[in-house]
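Structural features, examined
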Amino acid sequence: MNDSSEKQSGLSVLDRPNSYIGKTVPRPNLGRLMQGRGQYVSDMVLPRMAHVVFLRSPYAHARILKIDATEAKAMPGVIAVVTGAELAKVITPWVGVLSHLKGLKSAPQHAIATDRACWQGEAVAAIVATGRALAEDAAELVSVDYEELVPVTDMRTALDPETPVIHPELGDNLAFERNLDAGAVDQAFKDSDEVVEAKFVFGRHTGVTLEPRAVLADWNSGEERLTVYLGTQAPHMVQNIAAMHLGLDEAQVRVVCKDVGGSFGIKVHIYADEMATLALSKLLRRPVKFVADRVESFNTDIHARDHVCKARIGVSKNGTINAFEIDDVTGIGPYSMYPRTSAIEANQVINLVGGPYTTQNYRARTRVVFQNKNVTCQYRGVGHPIACSITEGLVDLAAQRIGMDPIEIRRRNLIRDDAYPCGSPSGLKFEALSHHASLDKLIAMMNYDALRAEQAELRKRGIYRGIGIASFIEVTNPSAAFYGVGGARISSQDGVAVRLDATGRVICQTSITEQGQGSESLTAQIVGSVLGVSMGRVRVILGDTDNTPYGGGTWASRGAGIGGEAALQAAKVLRKNILDVAAAILQAKPHDLDIIDNAVVDVQGGQQRIELHELARVVYFRPDTLPPGFQPELMATRHFVPREYPFAFTNGIQASWLEVDTQAGFIKLLKHWVVEDCGTIINPQLVDEQIRGGVVQGLGAALYEHCIYDERGQLTNANMADYLVPMSGEMPDIDVGHIVSPTLDGELGAKGAGEAGTAAAAAAVTNAVNDALSPFNVTVTEIPLTPRVILTALGRI
């Protein structure tokens with residue numbers, strides 16, 4: 001507490017009278033959105049705006065021999081048909097690598113393919129017209145001659161000598177490999193009473209955002225400036241990359257992010273078709289708009305989670321876990337995604353396996369391979385669901401092998417709550433976690449013993465229900481250790497500027513963005529609490545590189561922990577400045593004053609002395625009445641980046657209660673529980689709904705979602721009829737509880753919560769299914785858990 005009046009009152013800024021911290025309050029943008037007043041990129045229309053449609057390869061791997069656009073160019077309303085080679089004169093290619101991921105390699109990727117198409121759906125030409133429908137009609141008249149090449153579709157054979165190399169200049173199809181060997185793994189397995197092995201298979205899937213990707217680029221040749229309207233999570237990152245590859249200074253690029261209909265990590269990347277749209281605007285010197293349709297979304301939005309992992313665990317009869325070992329392979333498509341790369345997910349899997357447990361004996365290998373499918377990259381959870389499913393699946397199998405209850409084996413091996421700070425064998429540093437407190441709370445919430453009794457009675461009647469438990473850790477509040485250290489210009493800091501305007505209202509400009517998770521609300525709650533101003537008098541501006549401080553944006557559950565801390569510190573400075581002005585006006589001492597309910601009051605007694613709108617009137621219009629030499633400053637800017645720890649880890653535990661129809665293979669979700677520790681909770685409802693939303697996405701991965709490719713590299717279910725997503729009628733009630741262990745790397749104490757639900761949901765469900773099927777002596781380690789998978793395991797098909 002640096003503010004003198006805080007010292008006088010003995011109150012933290014988080015405990016001030018009428019604080020909004022820890023309270024559920026309506027989102028500031030709720031009324032506007034509920035009235036249909038949201039503004040999305042697809043809503044926007046600019047003068048002379050053209051529409052672009054991309055002609056996409058029908059082949060997973062093919063050489064482009066000839067493109068004939070004569071008929072298309074002759075159509076009325078068609079402005080241009082542009083090939084990859086033509087656009088390459090305007091925009092340079094990119095390579096998705098990071099220097100700290102040693103050995104990571106990728107071929108240069110162009111905005112539009114120049115000589116080869118490397119996955120079904122890669123753009124080979126752009127058709128620009130005065131209307132979207134007209135451009136689509138013209139695209140049908142563009143003739144492309146292809147030479148179909150042999151596709152690489154099976155990641156398990158991508159490194160075999162007889163498999164074609166997608167990019168011969170790279171030498172092989174291995175994009176990245178990491179090996180880790182910590183402790184005495186061989187001896188630990190030798191000393192174990194039981195060694196349990198399993199092969200885990202994870203189905204490739206994607207984010208399916210409510211609003212597809214959309215971009216509107218407007219090159220103003222008079223100003224020589226590009227304005228990009230884009231639903232993105234990281235406006236300043238896009239600004240930098242657009243400038244770099246279009247040959248512009250960053251000051252020549254403005255990125256504006258208005259309302260966004262869901263992101264989940266899907267919209268934090270640089271997509272080739274979006275970069276092509278920017279280049280087309282510059283080439284044609286007019287606004288150009290691209291809106292992906294749903295088929296394009298399935299074929300070009302990043303995919304994730306395509307892993308096969310062989311793993312084993314060593315355990316003693318007393319339940320002590322002695323060692324973990326994994327051998328993971330993942331297919332990422334033909335390129336490493338830019339600029340965050342497609343190796344982060346696999347790297348995270350290695351980092352996170354075994355994370356909640358005490359054993360220091362751990363060996364891991366991951367191989368990231370190229371294939372002729374759509375590119376993969378970071379999606380909500382980024383490796384957490386895979387690592388959690390492997391870890392918790394092994395722990396349950398070990399418990400089953402030695403005849404121990406799944407709760408008890410966790411109780412004996414989870415890191416103690418009083419053991420922090422400590423580290424993991426993969427090098428992670430943990431500040432303060434609460435595995436045991438979370439476990440105890442979960443047992444109480446779900447009434448574990450009663451459920452076990454009910455399960456036993458139902459089995460006598462041929463009803464097979466299961467309980468699945470999954471502990472997890474979650475990476476939040478990433479520092480420069482995530483991307484900056486690897487050379488990517490992705491800011492790890494966030495900034496907030498706060499000012500008191502001439503009417504006594506507060507304007508807050510923040511570098512974090514809003515995709516529906518509540519960034520606007522949490523910022524207003526923090527600023528309003530510190531300043532003693534009602535939330536209705538706080539306006540938050542975000543998503544505009546011309547009007548917000550430089551920052552990283554919203555990803556990796558960092559909005560509250562980093563952006564919120566910056567808002568807290570900026571508001572504290574502004575509060576001090578306001579009290580200095582008030583003291584000058586009132587001929588008082590700043591530490592004798594406070595701000596409550598939009599007015600300056602006496603600390604002792606709370607008597608109102610001057611309202612903020614009157615104070616602002618004096619500062620802005622009658623500064624001549626202030627003491628000589630006194631210069632009021634009613635604006636403050638602060639940035640924040642974590643420094644003590646590379647990441648602020650959160651933790652928690654989930655449980656699933658479900659029923660398996662052993663005749664039909666269907667799974668009915670009955671109840672789901674989550675206990676999560678995200679540090680200081682700013683808005684309980686927002687946190688709980690973020691967790692529930694994450695759980696639902698995790699349940700989708702566990703039961704339904706799967707991008708299914710055939711042997712020719714064709715995505716066979718690129719539509720909402722065949723790609724299944726979780727629906728409300730299929731979802732169980734999700735109870736959420738909390739343990740609070742604030743991070744000390746910042747005064748706010750907040751960690752992230754946006755990915756906690758996704759992290760362990762699939763693991764909990766899979767363990768519950770195996771628990772339900774335990775009377776049949778079968779184990780399932782493949783998701784999604786479709787009826788085919790269940791019935792195959794039971795030997796019924």
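Residues numbered from 1 in each chain as written. Predicted model: local features only at pLDDT ≥ 70, side-chain atom pairs only at ≥ 80, totals over all residues. Heavy atoms only, no water.

**A look at the domain arrangement of the protein**
Put simply, the rule is: For the domains described, the bounds stem from an automatic or database domain assignment. Contacts are assigned to residue pairs that have any heavy atoms within 4.5 Å of one another. When two components associate, each loses some accessible surface as probed by a 1.4 Å sphere; the sum of these losses over both components is called the buried area. For this analysis, a salt bridge means a side-chain nitrogen from Lys or Arg found within 4 Å of a carboxyl oxygen belonging to Asp or Glu. Here a polar contact is taken to be a pair of N or O atoms separated by no more than 3.5 Å, where protein atoms must pair a possible hydrogen donor with a possible acceptor and residues adjacent in sequence count only if both atoms sit in side chains.
Taken as a whole, the protein is organised into domain 1 (14-40 + 493-640), domain 2 (44-149 + 210-263 + 266-300) and domain 3 (303-480 + 644-793). Relative to domain 2, the C-alpha centre of domain 1 lies at a distance of 39 Å. Domain 1 puts 22 residues into the contact, and the matching count from domain 2 is 23 residues. Taken together, the two surfaces of domain 1 and domain 2 that pack against each other cover about 1700 Å², and 45% of this comes from carbon and sulfur. Applying the counting criterion to the domain 1 and domain 2 interface returns 4 salt bridges. Here R254 and D546 are joined by a salt bridge, their closest N and O atoms 3.7 Å apart. There are 11 residue pairs in polar contact (both at pLDDT 80 or more) connecting domain 1 and domain 2.

**Some details on empty space enclosed by the protein**
The condition that has to hold: The method works on a 1 Å grid over the protein atoms by themselves. A cavity is a set of points holding a 1.4 Å probe that cannot get out, a pocket is an open set with protein on both sides within 12 Å along at least five of seven lines, and residues with an atom within 4 Å of a point line them. Grid points are joined across faces, edges and corners, and a volume is the space filled by probe spheres set on the points. We call Asp, Glu, Lys and Arg charged. Ala, Val, Leu, Ile, Met, Phe, Trp, Tyr, Cys and Pro are nonpolar, and the rest, Gly among them, are polar. Strands here are runs of E lasting at least two residues and helices are runs of H or I lasting at least four, both read from the DSSP assignment and numbered beginning at the N terminus.
A complete count under the given rule lists 9 cavities of 30 Å³ or more for this structure. Size it by volume and the largest cavity reaches roughly 130 Å³. As for the largest cavity, its lining consists of 17 residues, and the residues nearest its centre are Q109, W119, Y271, A272 and D273. Across the lining of the largest cavity, the residue classes tally to 10 nonpolar, 3 polar and 4 charged. What lines the second largest cavity is a set of 15 residues, and nearest its centre among them are H205, R305, P385, A701 and I783. Looking at the lining of the second largest cavity, the elements that each hand over two or more residues are α11 (384-402), α18 (684-703) and α19 (756-772). Here the lining of the second largest cavity gets 3 residues from one element, more than from any other, and that element is α18. A class-by-class count of the residues in the lining of the second largest cavity yields 8 nonpolar, 5 polar and 2 charged.

**Focus: the sheet that holds strand β26 (residues 608-611)**
Two strands in a sheet stick together by hydrogen bonds in their backbones, pointing the same way (parallel) or opposite ways (antiparallel). Threshold: Pairing between two strands is assigned when DSSP locates at least 2 bridges connecting them. Helix axes are fitted to C-alpha atoms over the stretch in contact, other axes to C-alpha atoms as well, and angles between N-to-C directions run from 0 to 180 degrees.
In spatial order, the strands read β24-β25-β26; together these 3 strands make up an open sheet with antiparallel pairing. Since the sheet does not close on itself, it has two edges, and those belong to β24 (593-596) and β26, each with one partner. With strand direction ignored, the average angle separating the axes of adjacent strands in the sheet is 30 degrees. As paired strands, β24 and strand β25 (residues 599-602) are joined by 4 bridges and run antiparallel to one another. The residue of β25 that forms the bridge with I595 is V600.

**Details of helix α14 (residues 448-460)**
The following threshold applies: To estimate the expected span of a helix, count its residues, drop one, and scale the result by 1.5 Å. The classification of residues rests on relative accessible area computed with a 1.4 Å probe and restricted to protein chains. Under 20% of the type maximum is buried, over 50% is exposed, and intermediate values are partly exposed. Arc, as used here, means the arc of the directions from the helix axis to the C-beta atoms.
Helix length check: α14, at 13 residues, gives a terminal C-alpha distance of 19 Å against a target of 18 Å (1.5 Å per residue), a fit within 8%. Turning to α14, its buried residues are Y448, L451, R452, Q455 and L458. Summarising the axial view, the buried residues of α14 lie within an arc of 130 degrees, below the 170-degree limit, and thus occupy one face. More than 90 degrees from the buried face of α14, the exposed residues found are D449 and K460. Contacts made by the buried residues of α14 are with α12 (406-413), α13 (435-446), β20 (464-476), β28 (648-660), β29 (667-677) and α19. In the stretch just after α14, G462 is the one whose phi turns positive, near 80 degrees.

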